[in-house]
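Structural overview for review
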Amino acid sequence: MWRVAFVVLSLGAVPCVAWAIHSARPRLGQVLGIAVALRVILLPLGPSLSDDGYRYLWDGSRTLRGVSPYADSPREVTEAGETGPVPLELLNSPDYHSVYPPVSQTFFAVAMWVGGSFGVAWAVLKLLFVIVEIGGVWALGRHVRPSLLAWYAWHPVAVVEVAGQGHTEGLAVGFLSLGLAASLASRHRWVGLWVAAAGWVKLWPFVLLAQVRRLHVAAWAAIAAGILAIPWLAGADVDGVVGSLRLYGGTFDFYAAPYTALKSALWPLAGEVSGTLASVVLAAGAIAAFAVIASKHYKTPRRWALTIAAVLLLSSTLHPWHLLPVLWAAILLDPPARRALIWLVSIAPLTYLVYVGYEWAMVVALVVGWGGALGLAMWPRVLYAILRYRGGRKWRRIRAALAADRSLDLLDLGCAEGYVGASAARDGHTVHLADLEDSRVVDLPFVKVSEHHVPLASDSQDAVLLVFVLHHAADPSSVLREASRIASQLVVWETVPAPWMPKPLLEVLDSIVNQKREAEMRQANLQTVQEWEARFDTLDLVVVRSERWGWGHPQALWLLERREDIPR
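About the cut-offs
- The numbering scheme is per chain: residues are counted from 1 as the chain's sequence reads.
- Where totals are concerned, whole chains, interfaces and linings use all residues; where local detail is concerned, this predicted model gives features only for residues with pLDDT of at least 70, and gives and counts side-chain atom pairs only at 80 or more.
- As a rule here, side-chain values cover all heavy atoms of the structure and leave hydrogens and water aside.
- Helix and strand assignments follow DSSP, with helices taken as H or I runs no shorter than four residues and strands as E runs no shorter than two, numbered in order from the N terminus.
- Relative accessibility thresholds used throughout: buried, under 20% of the residue-type maximum; exposed, over 50%; partly exposed, between the two (1.4 Å probe, protein chains only).
- By definition in these notes, contact holds between two residues if any of their heavy atoms fall within 4.5 Å.
- For the area figures, the Shrake-Rupley method with a 1.4 Å probe applies, and any residue is considered shielded solely by the protein chains shown.
- One requirement defines pairing of two strands: DSSP has to find at least two bridges between them.
- In this analysis an axis means a line fitted to C-alpha atoms, helices contributing only their contacting stretch, and an angle means the value between N-to-C directions, from 0 to 180 degrees.
- For this analysis, a salt bridge means a side-chain nitrogen from Lys or Arg found within 4 Å of a carboxyl oxygen belonging to Asp or Glu.
- Stacked, tilted and edge-to-face are the three classes applied to pairs of Phe, Tyr and Trp rings, where Trp contributes its six-membered ring and a pair requires centres within 6.5 Å; stacked means planes under 30 degrees apart, edge-to-face means over 60, and tilted covers the rest.
- Consider the ring centre and the ring normal. A charge sits over the ring if Lys NZ or Arg CZ is within 6 Å of that centre and within 35 degrees of that normal.
- Residues grouped as a nonpolar core are buried Ala, Val, Leu, Ile, Met, Phe, Trp, Tyr and Cys residues, joined through side-chain atoms within 4.5 Å.
- The directions considered for the arc are those from the helix axis to the C-beta atoms.

Observations regarding the overall build of the chain
A tally of regular secondary structure across the chain gives 22 helices and seven strands. Summarising its shape, the C-alpha atoms of the chain cover approximately 110 × 55 × 55 Å along the three principal directions. A total of 568 residues make up the chain; the buried ones form 52% of that total. Taking contacts inside the chain between residues at least 6 apart in sequence as the whole, the part at least 24 apart equals 70%. Looking at the chain as shown, the accessible area adds up to about 25800 Å², and 62% of this sits on carbon and sulfur atoms.

Now the structure itself:
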């Protein structure tokens, strides 16, 4: 049950991290301090969720004995009468040669040399990984917002898999961070060195060289890769290593929805070789993705992040630790992609339940993890489609309230994306959009405003539209005064509390709905119909027409005119 408890704690920790980042908006020092503290707590943990650590230090002990870790499989070593730092039964794939690249092997050997025994060496190895990982995060802190770095540095999967389980992905992330920081600082020779180091930790980082725009960076990477690899060639059984690598192409299959779906689709046609064929197809897809990414004029962080996401998400095996570079890549992408990848990584610990007999956990993880990630990635398009549809409906109600028999000059004040104004423009009206910041997604004239000033002449518009705007304003009266200066008619549309939908509940719902939009909005401060109408009266605004409707979302709409413009 401890594994079940771990999964529950891991899944529950993600919302806590999100809350902490949103509330604290941490500085770099805070990000690094908390990240180090979390990792120090887990350094004493043994290889409990994964047995990779045993194999790491088995390889390290072979290197210290002057034997290539690529020369024999652990079973061959044992049958020859030799022993390792741990029993053979603790090792994964004891019949296969090691596939851990040279830089990883260097760290394994150093840890065994310093520690001597498995227990001490295990702590030393994880400490080395954490130093490189956090060092990379620190270097990247000059170029990436601390609140984004916190998503990697504080995420439970990163903390547990590096400091707790000692996976080499933490080492790769550290080197990639150093490489990206060097690239952003125009230290191109160092970019090649760090990419080569990351490549000799996990192999796949070498694909980033396909995205390098400067040939001398690739040249430096090739030189560094050669220097790092040459000492490890002596005594290596190349055929044995290549045979072990084939396990990852069509044999292993874990939490990889694209691979699983493609393999299942190919099974009726290809049978036993469907897994290998699926791997080949996805590899071709990854190469095509690399070509597309390289053809775009993306900045380096986005280009690297997309490349990493493509190569890993199109692989066949995605244990939780394999996704750490994806989590790292997420902080370099735009919000929809970031949310999708963080969600995918956050659900991954659920797959640990498969190891203790809960086979249904994989199905749930695939559906919830990948399905949720796809939904989050597509959410902006879905959201904008909903907003476009609602914008049209809102305009039809406003049009009925205005009862205009001619083309009007309209100002959509607090326009956000601008869909209401766009619908009015399609009806033949002249529309200007205005807001505190430009978040429009429609092609209409825009005016940047403050809550106390709109840079338009007095009486320059026929009507001003204030659609779900005033309850987000710090001073609604100031907004109304400025709107009534610009036009004699105002359309105000507000959410209003009702006995069955009280103010606190409506304000929470408003926050939940609006946080998914790109336009930033203040916390809602809703008022009743009576409170709004009393405010209108103090500002010499007369209610010409009003409507109320809605049970789940009680609303009110007013057509207002300046008192001075109403014939006596």
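Points about the sheet that holds strand 4 (residues 463-467)
The sheet built from seven strands is open, its strands ordered 3-2-1-4-5-7-6 with mixed pairing. The open sheet terminates on both sides in strands that have one partner only, identified here as strand 3 (446-448) and strand 6 (541-549). Along the sheet, successive strands turn relative to each other by an average axial angle of 20 degrees, direction set aside. Pairing of strand 5 (residues 489-495) with strand 7 (residues 555-562) involves seven bridges; the strand directions are antiparallel. The partner of Leu490 across the bridge, within strand 7, is Leu560.

Concerning unusual backbone geometry
Even without being a glycine, Leu203 presents a positive backbone phi close to 70 degrees. Mapped onto the secondary structure, Leu203 falls in the loop between helix 10 (188-202) and helix 11 (215-229). One non-glycine residue, Asp459, lies in the positive phi region at around 55 degrees. Looking at the element boundaries, Asp459 is found in the loop between strand 3 and strand 4.

Notes on the pattern of salt bridges
The final tally for this structure, using the stated rule, is 19 salt bridges. One salt bridge in this structure joins Arg75 and Asp95, with 2.3 Å as the shortest N-O distance. Taken as a pair, Arg75 in helix 4 (residues 74-79) and Asp95 in the loop between helix 4 and helix 5 (102-115) lie far apart in primary sequence, 20 residues in all. Look at Arg75 and you get partly exposed, because its relative accessible area is 33%. Across the pair Asp334 and Arg302 runs a salt bridge whose closest N-O atoms are separated by 3.6 Å. Of this pair, Asp334 sits in the loop between helix 16 (324-330) and helix 17 (335-347) while Arg302 sits in helix 15 (residues 300-313), placing them 32 residues apart in sequence.

Brief notes about the pairing of strand 7
Along a regular strand, successive side chains alternate from one face of the sheet to the other. Counting buried residues in strand 7 gives eight out of eight residues, a clear majority hidden from the surface. Judged by which residues are buried, strand 7 turns out to be covered on both faces: Gln555, Leu557, Leu559 and Glu561 on one side and Ala556, Trp558, Leu560 and Arg562 on the other are all buried. Bridge count for strand 6 against strand 7 is eight bridges, and the pairing is antiparallel. Looking at the pairing, Glu547 lines up with Leu557 of strand 7. Between strand 6 and strand 7, which pair antiparallel one after the other, the connecting turn spans five residues, and Gly550 there sits at a positive phi close to 100 degrees.

Quick look at the packing of aromatic side chains
Two aromatic rings are characterised by how far apart their centres lie and by the angle between their planes. By the definition in use, this model includes 20 aromatic pairs. Aromatic pair Trp200 and Phe206: ring centres 5.1 Å apart, planes at 80 degrees, arrangement edge-to-face. Look at Phe206 and you get partly exposed, because its relative accessible area is 21%. Each residue in the set Phe107, Phe129, Phe175, Trp190 and Trp194 is aromatic and connected to the rest through ring pairs, giving one cluster. Lying over the aromatic face of Tyr298, Arg302 brings its terminal NZ or CZ to 4.8 Å of the ring centre.

With respect to the nonpolar core
Nonpolar side chains tend toward joint burial in soluble globular proteins. Counting 117 residues, the largest nonpolar core has Leu125, Tyr152, Phe175, Tyr255, Leu313 and Trp328 as its most contacted members. Ranked by residues supplied to this core, first place goes to helix 6 (residues 118-140) with twelve residues. Ignoring anything within four residues of it in the chain, the contact list for Leu313 reads Pro258, Leu318, Leu323, Val326, Leu341, Leu344 and Trp370. Residues Val447, Val454, Leu470 and Leu539 belong to the second largest nonpolar core, which totals 28 residues.

Regarding helix 22 (residues 529-538)
Every buried residue belonging to helix 22 is among Val529, Trp532 and Phe536, and all of these are buried. Buried residues of helix 22, viewed axially, fall in a sector of 70 degrees; they line one side. In helix 22, the exposed residues that point more than 90 degrees away from the buried face are Gln530 and Thr538. Its buried side turned inward, helix 22 meets helix 20 (476-486), strand 5, strand 6 and strand 7.

The quantities given are spatial measurements derived from coordinates; they are silent on function.
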